[in-house]
Amino acid sequence: MAKQAQDLYTQDMLDKPKRGRPRKPEAKTDAQRAREYRARQRALRRASYSRAL
């Protein structure tokens, strides 16, 4: 019985084990992480401006 092509997380019985920590299904790309970081920084800057006024 083979696994489906879209299934990236289930191991086959005959595959040799992969090295390292397994990927999470909800893992983010570097671009997604950077976009969220920039949004947080923007929000912090806006909050500090509104307090200063």
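See the structure printed just above.
Residues numbered from 1 in each chain as written. Predicted model: local features only at pLDDT ≥ 70, side-chain atom pairs only at ≥ 80, totals over all residues. Heavy atoms only, no water.

Caption draft 1: Structural detail: the overall build of the protein chain. Counting secondary structure elements, the protein chain contains 1 helix and 0 strands. For the protein chain, buried positions account for 0% of its 53 residues. Carbon and sulfur atoms form 54% of the exposed surface of the protein chain, whose accessible area is close to 6,000 Å². (Helix = DSSP H or I, 4+ residues; strand = E, 2+ residues; numbered from the N terminus. Buried < 20%, exposed > 50% of the residue type's maximum accessible area, 1.4 Å probe, protein only. Areas by Shrake-Rupley, 256 points an atom, 1.4 Å probe, with all protein chains shown as cover.)

Caption draft 2: Expanded view of the pattern of salt bridges. If you walk through the whole model with that rule in mind, you get 2 salt bridges. Close ionic contact of Glu36 with Lys28 constitutes a salt bridge, the shortest N to O distance being 2.7 Å. Lys28 gets classed as partly exposed once you look at its relative accessible area, which sits at 39%. Residue Asp30 pairs with Arg33 through a salt bridge whose shortest N-O separation is 2.8 Å. Here Asp30 pairs with Arg33, and both are found in helix H1 (residues 30-52), just 3 residues apart, close to one helical turn. For Arg33, a relative accessible area of 43% gives the class partly exposed. (Salt bridge = Lys/Arg side-chain N within 4 Å of Asp/Glu carboxyl O.)

Caption draft 3: Quick look at the environment of Tyr9. As for its placement among the helices and strands, Tyr9 is situated in the segment before H1. Given the relative accessible area of 42%, Tyr9 is considered partly exposed. Linking Tyr9 and Pro25, residues 16 residues apart in sequence, is a C-alpha distance of 7.5 Å. Excluding anything up to four places from it in sequence, Tyr9 contacts Arg23, Lys24 and Pro25. (Contact = heavy atoms within 4.5 Å.)

Caption draft 4: Quick look at a positive patch on the surface. Together, Arg35, Arg38, Arg42, Arg45 and Arg46 give the surface a local cluster of positive charge. By the element assignment, Arg38 lies in helix H1. (Patch = residues over 30% accessible without salt bridge, like charges linked within 9 Å, V, L, I, M, F, W, Y side chains within 5 Å. Lys, Arg positive; Asp, Glu negative; His and termini not counted. Charge placed at Lys NZ, Arg CZ, Asp CG, Glu CD.)

Geometry only, nothing functional implied.
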